[in-house]
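# Residue-level structural notes
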Amino acid sequence: MRRRVLKLVGTALVVSVLAAGEAFAQASGSLQPVQSTLTQLVTTLTGQIATSLAVLAVIGSGFLAWAGRLTWGIAGSIIFGIVLVFGATQIVSFFQSAVGS
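What this report covers is the structure whose coordinates are included nearby.

Reading guide: rules and limits
Residues numbered from 1 in each chain as written. Predicted model: local features only at pLDDT ≥ 70, side-chain atom pairs only at ≥ 80, totals over all residues. Heavy atoms only, no water. Phe/Tyr/Trp six-rings, centres within 6.5 Å; stacked < 30°, edge-to-face > 60°. Helix = DSSP H or I, 4+ residues; strand = E, 2+ residues; numbered from the N terminus. Buried < 20%, exposed > 50% of the residue type's maximum accessible area, 1.4 Å probe, protein only. Expected span 1.5 Å × (residues − 1). Arc of directions from axis to C-beta.

Tallied over the full model, the rule gives two aromatic pairs. Ring geometry for Phe-63 and Trp-66: centres 5.8 Å apart, planes at 25°, overall stacked. Pair noted here: Phe-63 and Trp-66 are both in helix 4 (residues 48–66), with a separation of three residues, about one helical turn. Accessibility classification places Phe-63 together with Trp-66 in one group, the exposed group.

And the structure:
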């Protein structure tokens, strides 16, 4: 399942970058088309899609807890994953300010 999601995200990234190739060629050296494509991708993956997936993960963990099958490892993985997805922008900003960029 994890490989499938990573493969899907990777494919979406490659397709987005390749689709911006023509616009990039017309911009004569400007990175604006690539930047706007990547910004749109980040917005899409951290918006409604990520919210829906996070809700489904919490619902799934609720069913596991209800059946007595929820372990601390699974619960921690779900919480950590949600924190990483929705906190990605703040995490990157923190590291950028730490190195002075």
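This is not the end of the story, as more comes after the structure.
With that settled, the discussion passes to helix 4. Taking 1.5 Å of rise per residue, the 19 residues of helix 4 would be expected to cover 27 Å, and the 27 Å separating its terminal C-alpha atoms lies within 8% of that figure. Taken together, the buried positions of helix 4 are Ala-50, Ala-54 and Ser-61. An end-on view of helix 4 places all buried positions within 40° of arc, on one side of the element. Those residues of helix 4 that are exposed and angled more than 90 degrees off the buried face are Gln-48, Leu-56, Phe-63 and Trp-66.

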